[in-house]
Amino acid sequence: MTAFFVLIRRDLALSARQAADALVAVMFAVLVVVLFPFGIGPEADILSRISAGVVWVAALLAAMLSLDRLFQADHDDGSLEQLALGPLPLWALALAKATAHWLVTGLPLIVASPILAIMLQMPTAGLATLVLAMALGTPCFSLLGAIGAALVLGARRGGVLVAFLILPLAIPVLIFGAAATEAALTAQEAAPHLMLLGACLLASLALAPAAAAAGLRQALG
Amino acid sequence: MNRLLEAEGLVGGRSGHTLFGPLDLALAAGGALRVTGGNGSGKSTLLRLLAGLLDPMSGVVRANAALRYLGHHDAVKPSFTVAENLIFWRRFNGSGSSASALAAVGLDRLAATPARYLSAGQRRRLALARTLDPAAPIWLLDEPTNGLDAASIAMLEAALARHRGAGGIAVVATHAAILLPEAQTLELGLT
């Protein structure tokens, strides 16, 4: 258990030393959202109508951006095999790395999401649901992403491959996340969508570490 | 005599191609094994098998105590200082203090230096400081002398002697003439 938190703390410390790398995800999401009004015009009605979907797509793409490095750096410098020989089983390693990834990219995205939504004229009625849905959805991105990051270890152009592998798995999260916010905006019940998002989170929490561990075992052999 | 590391009928290879074996090994407290052989004869594969990083093609490996493995890569994070690198691994592995480990490899003066400024030999010494952990009785060293100067090799020999005196064992794969008194020798690639 100690080793689990020691590993998370190390990854956070490494990210803090390369703060520019860590902020890339949030900056990317901000850029995407800022560009939309230029592309489709400044009408508040249209922007407000698409705001939920745009914020979610921006968050998903931003989370994908940094995923291919999740295990790659440790694999390249030999740390991964040292980690594998340590006291943690591989699934716990994957879970610790995914947790650190979420703390570095997911958490800032959650904080930024209401601001991004306001920039797209989202009515304030939807903001609380948006943040809640993001809190349930972004950990799914990090967990599912760990599977892809483990599978592409050693491959060239890993980043593109991760996106191909993981985006289909992330689509349910995108659908329920955007639908929950949409429901709150149209004064409908958001709870069913949030519950489905919670189910996605529980399923990825249970399955993704084991799947990522299988990928890591392949890369170590 | 209590066997710390043993292997029976061990056959090793990469991607379906047999490199060596079957071979039997047994190391009891204080023992050492020197693994020699040409490039590509399977020295690294044998050490990875013993460490448990690879599965053997057939046979079994039993490690009856904690082990440390030194591979070709140094597992050093350039943005951490020398001390931070070592402290992370000691905490992660749950072994004791690292205070004397840096002094033992002559890096204590560089403890606060970011590891990106180290030379290749100094990085190797930092990797050795991580691996030569008294809390683990089994040491598996793959080409430990890569990049080391003569003084560092003497330091490594002294550390190995102390470790074996305290009941530890070591498996060393090397081309270099490193001093390992009364060690078993295994030469791969003679088939």
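Owing to the predicted nature of the structure, the values given are computational and were not obtained by experimental measurement. Counting of residues starts from 1 at the beginning of each chain's written sequence and follows it residue by residue. Each chain gets a letter, beginning with A, and each ligand a number, beginning with 1, in the order they are written. Note on the predicted model: pLDDT of at least 70 is required for a residue's local features to be given, and 80 or more for side-chain atom pairs to be given and counted; whole-chain, interface and lining totals, by contrast, use all residues. With hydrogens and water set aside, each side-chain value is computed from the structure's full complement of heavy atoms.

Enquirer: Got a sec to walk through the overall build of chain A? Specific residues and values, please.
Expert: Counting its regular elements, chain A contains nine helices and zero strands. Numbering of helices and strands runs from the N terminus; a helix is a DSSP stretch of H or I covering at least four residues, while a strand is a stretch of E covering at least two. From first element to last, N terminus to C terminus, chain A shows the α and β order α-α-α-α-α-α-α-α-α. Relative to the globule expectation of 17 Å for 221 residues, the C-alpha radius of gyration of chain A, 18 Å, shows essentially globular dimensions. Along the longest, intermediate and shortest principal axes, the C-alpha atoms of chain A span 55 × 35 × 30 Å. Split into buried and exposed, the 221 residues of chain A put 51% on the buried side. In chain A, of all internal contacts separated by at least 6 residues, the share reaching a separation of at least 24 is 80%. A 1.4 Å probe and the Shrake-Rupley method give the accessible areas. Residues count as covered only by the protein chains that appear here. Carbon together with sulfur atoms contributes 72% to the accessible area of chain A, which is approximately 9,800 Å² in total. For the purpose of charge, His is not counted, nor are the chain termini; Lys and Arg are scored as positive and Asp and Glu as negative. Taken as the charge centre is NZ of Lys, CZ of Arg, CG of Asp or CD of Glu, depending on the residue. Separation between the mean location of the 9 positive side-chain charges and that of the 11 negative ones in chain A comes to 10 Å. To get the radius of gyration, use the C-alpha atoms; to get the globule rule, take the number of residues to the power 0.38 and multiply by 2.2 Å. Remark: exposure states derive from per-residue accessible area (1.4 Å probe, protein chains only) relative to the maximum for the residue type, with buried under 20%, exposed over 50%, and partly exposed in between. The contact criterion used is simple: two residues touch if any of their non-hydrogen atoms lie within 4.5 Å.

Enquirer: Break down the sheet that holds strand β1 (residues 3-14) of chain B for me, with residues and values.
Expert: All names here are of chain B. The rule for pairing is simple: two strands pair if DSSP sees at least two bridges between them. Judged by pairing direction, the sheet is antiparallel, and its three strands sit side by side in the order β2-β1-β4 without closing on themselves. Bordering the open sheet on either side are β2 (17-28) and β4 (58-63), each of which pairs with just one other strand. Taken pair by pair, the neighbouring strands of this sheet meet at an average axis angle of 20°, ignoring direction. In this structure, β1 lies alongside β4, joined through five bridges in antiparallel fashion. Its bridge partner being in β4, E6 is matched across the sheet by R62. What counts as an axis is a line fitted to C-alpha atoms, over the stretch in contact for a helix, and the angles between N-to-C directions run from 0 to 180 degrees. Along the sheet, helix α1 (residues 43-51) contacts β1, β2 and β4; its crossing angle with β1, the most-contacted strand, is approximately 130°.

Enquirer: Would you mind going over the environment of L153 of chain A in detail, with residue names and values included?
Expert: Residue and element names in this part refer to chain A. Structurally, L153 is set in the loop between α7 (127-151) and α8 (158-185). Once the C-alpha coordinates of L153 and R69 are considered, the two residues, 84 residues apart in sequence, prove to be 9.2 Å apart. Those residues in contact with L153, other than ones at most four positions away along the chain, are F71, Q72, H75, L80, L216 and A219.

Enquirer: Describe the nonpolar core, with residues and values.
Expert: Soluble globular proteins: nonpolar side chains tend toward being buried together. By convention a nonpolar core is built from buried Ala, Val, Leu, Ile, Met, Phe, Trp, Tyr and Cys residues, the set being connected through side-chain atoms within 4.5 Å. Counting residues in each nonpolar core, the largest one holds 77 residues, and the members touching the most others are L7, W56, F71, L88 and L216 of chain A together with F92 of chain B. If one sorts the elements of this core by residue count, helix α6 (residues 90-119) of chain A sits on top with 13 residues. Grouped together as the second largest cluster of nonpolar side chains are 28 residues, A83, A127, W139 and L180 of chain B included.

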